[in-house]
Amino acid sequence: MNRVLLTSLGLWVAVSGLAAPAAHAEGANKCKVGLIAKLPVVMENTRASVPVTVNGKETRVWLDSGAFFNFMPKARAVELGLRTEPLPMGFYMTGIGGTVTPELAQVRDFGIVGVTLHNVQFLVGGSDAGNGFLGANLLGVQTTEFDLAKGVVNLFQERGCDGISLAYWGKGMSVGEARVFRPTDEHDYHIIVEVMINGQSMHALLDTGAPTTLLGRRAAERAGIDMSAPDVVNSMRMGGIGMKRRESWIVRTKTISIGGEEIRNSPIRVIDDADDDRSSDMILGVDFLLSHHIIVSRAQRLMFVTYNGGPIFSATTDGEIGRLETRAENMGKAETTADPKTADEFAGRASGRMDRGDTAGAVADFSEALRLAPTRADLLEHRANAYLRSGKLDLARQDLDAGLAIRPTDHRLLTRRAQLRLATGDRASARADTDAAAAHLPPGSLDVMQVVNLYERLGAADRGLALIDAVVALHRDDSVYPSLLNARSWNRALANADLDRALKDCDLAIKKAGPQPAMLDTRALVQYRRKAYAAAIADETTALASNPRLAAALFVRGLARDASGDATGGAADLAAARAIAPRIDRRYRAYGLIAPPAPHAAPAKPPAGDADEAEDEDE
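The rules behind the values
- Residues numbered from 1 in each chain as written.
- Predicted model: local features only at pLDDT ≥ 70, side-chain atom pairs only at ≥ 80, totals over all residues.
- Heavy atoms only, no water.
- Helix = DSSP H or I, 4+ residues; strand = E, 2+ residues; numbered from the N terminus.
- Buried < 20%, exposed > 50% of the residue type's maximum accessible area, 1.4 Å probe, protein only.
- Contact = heavy atoms within 4.5 Å.
- Areas by Shrake-Rupley, 256 points an atom, 1.4 Å probe, with all protein chains shown as cover.
- Phe/Tyr/Trp six-rings, centres within 6.5 Å; stacked < 30°, edge-to-face > 60°.
- Lys NZ or Arg CZ within 6 Å of the ring centre and 35° of its normal.
- Disulfide = S-S within 2.5 Å.
- Core = buried A, V, L, I, M, F, W, Y, C linked by side-chain atoms within 4.5 Å.
- Salt bridge = Lys/Arg side-chain N within 4 Å of Asp/Glu carboxyl O.
- Axes fitted to C-alpha atoms, helices over the stretch in contact; angles between N-to-C directions.
- Parallel < 35°, antiparallel > 145°, perpendicular 65-115°, else oblique.
- Left-handed = near helix turned anticlockwise from the far one by under 90°.
- Nonpolar A, V, L, I, M, F, W, Y, C, P; charged D, E, K, R; others polar.
- Expected span 1.5 Å × (residues − 1).
- Pairing = 2+ DSSP bridges.
- Polar contact = N/O pair within 3.5 Å; in protein donor to acceptor, adjacent residues only side chain to side chain.

Undergrad: Got a sec to walk through the overall build of the protein chain? Specific residues and values, please.
TA: Each helix and strand in the protein chain was counted, giving 22 helices and 28 strands. Among the 619 residues that make up the protein chain, the fraction classed as buried is 54%. For the protein chain, the share of sequence-separated contacts (at least 6 apart) that also reach a separation of at least 24 residues comes to 64%. Per element, the accessible surface of the protein chain, about 26,600 Å² overall, is 50% carbon and sulfur.

Undergrad: Describe in detail the packing of aromatic side chains, supporting the description with residues and values.
TA: Here a ring pair, both rings aromatic, is described through the centre-centre distance and the interplanar angle of the planes. Inspection of the entire model under this criterion finds eight aromatic pairs. Measuring from centroid to centroid gives 6.2 Å for Phe-68 and Phe-69, while their planes differ by 40°, and the two rings are tilted. What makes Phe-68 partly exposed here is its relative accessible area of 40%. A relative accessible area of 19% means that Phe-69 is categorised as buried. Aromatic side chains Phe-71 and Phe-133 sit 4.9 Å apart centroid to centroid with 15° between the ring planes, which places their arrangement in the stacked category. Of this pair, Phe-71 sits in strand E5 (residues 71–72) while Phe-133 is found in strand E11 (residues 133–134), placing the two residues 62 residues apart along the sequence. Relative accessible area serves as the criterion here: at 8%, Phe-71 is assigned to the buried category. With a relative accessible area of 3%, Phe-133 lands in the buried category. Joined through ring pairs, the aromatic side chains of Trp-62, Phe-71 and Phe-133 make up one cluster. Lying over the aromatic face of Trp-249, Arg-217 brings its terminal NZ or CZ to 4.9 Å of the ring centre.

Undergrad: Go over the state of the cysteines, please, and point to the residues and values.
TA: Inspection of the entire model under this criterion finds one disulfide. Through a disulfide, Cys-31 is tied to Cys-161; the S-S separation comes to 1.9 Å. As the torsion about the S-S bond is roughly 85°, the Cys-31-Cys-161 disulfide counts as right-handed. With Cys-31 in the loop between helix H2 (25–30) and strand E1 (32–40) and Cys-161 in the loop between strand E13 (152–159) and strand E14 (176–179), this pair connects stretches of sequence that are 130 residues apart. Taken individually, Cys-31 and Cys-161 each receive the classification buried, so the pair is uniform in this respect.

Undergrad: I'd love a proper account of the nonpolar core, names of residues and values included.
TA: Formed by 77 residues in total, the largest nonpolar core has its most connected members in Phe-555, Tyr-588 and Leu-593. Those residues in contact with Phe-555 that lie beyond four places of it in its chain are Leu-574, Ala-577, Ile-584, Asp-585, Tyr-588, Leu-593 and Ala-595. Counting residues in hydrophobic clusters, the runner-up holds 68 residues, among them Leu-63, Ile-191, Ala-219 and Val-305.

Undergrad: Which residues make up the environment of Val-141, and what values go with them?
TA: Inspection of the secondary structure puts Val-141 in the loop between helix H4 (136–139) and strand E12 (143–147). Classification of Val-141 by relative accessible area gives buried; the value is 9%. Measuring from C-alpha to C-alpha, the distance between Val-141 and Asp-188 comes to 8.9 Å, with 47 residues separating the pair along the chain.

Undergrad: Would you mind going over the pattern of salt bridges in detail, with residue names and values included?
TA: Following the criterion strictly, the structure yields 37 salt bridges and no others. Between Arg-108 and Asp-109 there is a salt bridge, with its nearest N and O atoms 3.3 Å apart. Here Asp-507 ties to Arg-523 by a salt bridge, and the two come within 3.0 Å at their closest N and O atoms. Of this pair, Asp-507 sits in helix H17 (residues 499–513) while Arg-523 is found in helix H18 (residues 517–529), placing the two residues 16 residues apart along the sequence. Put simply, Asp-339, Arg-349, Arg-353, Asp-358 and Asp-365 are held in one network by salt bridges that share partners.

Undergrad: Could you give an account of the packing of helix H15 (residues 461–473) against helix H16 (residues 481–495), with specific residues and numbers?
TA: Axis separation between H15 and H16 bottoms out at 9 Å; the angle between their running directions is 155°. Taken as axis vectors, H15 and H16 run roughly antiparallel relative to one another. The interaxial crossing formed by H15 with H16 has left-handed handedness. Residues Ala-461, Asp-462, Leu-465, Ile-468, Asp-469, Val-471 and Val-472 of H15 lie in contact with H16, whose contacting residues are Tyr-481, Leu-484, Leu-485, Ala-487, Arg-488, Asn-491, Arg-492, Leu-494 and Ala-495. Split into classes, the residues belonging to the contact of H15 with H16 amount to 11 nonpolar, one polar and four charged.

Undergrad: An account of H17 is requested, with residue identities and associated values reported.
TA: For H17, which comprises 15 residues, the first-to-last C-alpha distance of 21 Å matches the rise-based estimate of 21 Å (1.5 Å per residue) to within 8%. Buried residues in H17 make contact with H16 and H18. Looking at the residues trailing H17, positive phi occurs at Gly-514, about 90°.

Undergrad: So what's going on with the sheet that holds E13? Which residues, and what values?
TA: One open sheet holds the six strands; their spatial order is E1-E13-E12-E26-E27-E14, and the pairing between them is antiparallel. Of all strands in the sheet, those bounded by a partner on one side alone are E1 and E14. With direction set aside, neighbouring strand axes in the sheet form an average angle of 20°.

Undergrad: Mind laying out unusual backbone geometry, listing which residues take part and the relevant values?
TA: Unlike most non-glycine residues, Asn-45 shows phi in positive territory, near 50°. Relative to the helices and strands, Asn-45 is located in the loop between strand E2 (42–44) and strand E3 (47–54). With phi around 60°, Arg-301 is a residue other than glycine that occupies positive phi space. A relative accessible area of 15% places Arg-301 in the buried class.

Undergrad: Go over the packing of helix H12 (residues 411–423) against helix H14 (residues 448–457), please, and point to the residues and values.
TA: In the contact formed by H12 and H14, the axes pass within 10 Å of each other and the chain directions differ by 25°. Classified by the angle between their axes, H12 and H14 sit roughly parallel to one another. The handedness of the crossing between H12 and H14 is left-handed. Taking contact as the criterion, the partners of Thr-415, Ala-418, Gln-419 and Leu-422 in H12 are, on H14, Gln-450, Val-451, Leu-454 and Arg-457.

Undergrad: Can you tell me about the side chain of Ser-49, naming the residues and giving the values?
TA: Secondary-structure assignment places Ser-49 in strand E3. In terms of polar contacts, Ser-49 uses its side chain to reach the side chain of Glu-44, at 3.2 Å. Residues contacting Ser-49, with those up to four places away along its chain left out, are Pro-40, Val-41, Val-42, Glu-44, Arg-60, Val-61 and Trp-62.

Undergrad: I'd like a description of the environment of Met-89, backed by residues and values.
TA: Considering the arrangement of structural elements, one finds Met-89 in the loop between strand E6 (84–86) and strand E7 (93–95). For the pair formed by Met-89 and Thr-101, sequence separation is 12 residues and the distance between their alpha carbons is 9.1 Å.

Undergrad: Outline the side chain of Arg-578, listing residues and values.
TA: Tracing the backbone shows Arg-578 in helix H21 (residues 567–580). A distance of 2.9 Å separates a polar atom in the side chain of Arg-578 from the backbone oxygen of Pro-596. Not counting residues within four places of it along the chain, the set of residues in contact with Arg-578 comprises Ile-584, Asp-585, Ala-595, Pro-596, Pro-597 and Ala-598.

Next comes the structure, spelled out in structure tokens:
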């Protein structure tokens, strides 16, 4: 795709205003930079998305400089009506989640930034992140500017710029320069930059597709980080392409230096890489990219970088370990730029503000974008999400209503409004929106699971159950496969339907993912429905050993104990479940799972709304 894109989008222009040191003034006059493409980026929950058309269908894809080639999950290819064909034997992709054997899809007409390209190829397969990606074969070919906080990704071609800083915005700022390593393969367009961790040189992959920066465990140990130290925090299991999920930890570093910029006492996430053969030591993710404005020169083998302001690596770790006191050196002042002028520019800056927690700023920018483009339903959806995050539910509902007036069959807008209506206690309207969303869902998409969850909360697990099979079928080689099996088993157990198959699903999920508390809780409910009370009690006891506040496990163990004659033990479990989740009886009552009332207590009036509290762990 890269040669086609450059010749199709390329417009050679001389760009003035490049920041050139005085010593290189003569060279600066010879430096010319051609703008190839200006990509209108909007951040979608740490994903940099751009609008495209696929064979005439308007959609969005994400930018992933960490992927060597364009790719998409199988479900997305099916949704877009793309046929796939096998690749030559022995072709495979590797990533955090292991190795997969992809297929190939060809897009007859691919539209991007007003230009239609023909026969654009995508690899198809791997774990489903929720969308297709444009990879390093677009983003790493020439000179690329990234300023995700403002919705900017620009592609350039440069001539005669050796020794010239391309940070044209950097006048009066501290502009860092980090080395870009030369790839071993001329067809490898990954961007690998030098990062110093505790004084040790690391090869870091610049990855717009990674929400968080990751340091490999072997590299961490090489940098002198003691992974057995008491301040090392066990964190989430992480996945990517393929079925595997890896352990991760949060550690403290003495120093992290990038292009002369230095951060002391910064937390960073470390991931297990024991069986990894990747050439890079770490991944620089969106947390880094949101806090910096960079331009990567493939010709000069340099990354020019300035600081945008705000947290860097701690942006994705504070929620788990609290805020650490860090010290920054050689950062310079945060960049100040002119206000946006177009709807896309306002939307880009708004989404960057959302990702960094500035919801008020995001609302203001989305409002300005809507003033310029009042009929864009995507902008209404984004502003609704900003209103929801700031607790302004009425304003969010107004934007969702307005968006659906423009796009009445948009399943994402319908799902979002259903969730809002259910959260505010309007169950009848929530059910109507859920039915409408289900009617317009692309079969097999992971978006289906949000609708399945809505049906379950509305007491109609049987309706959701009918949607899950297609999702499971398209994700058998995906890291979410065990979770999908668990969800299907859970909904079968609630609906009291096909319990033998429900048990097989849950057994397979546990075999693949291990005895996770939520999966044990699901199997316990299946066993309770099958009247295998001892097995149900055993599974819930194991689940509660790992998660003592899992209200669903306490509730089902209470039912099983009561049914097996242990009324005292059952009452204690039910009381504990109700103390954690006061509305838990209501959630189960819809499925005929009725627990004995609390002794000597009048039935409590349920609070307004319908908050998630009991079974969402099982989704």
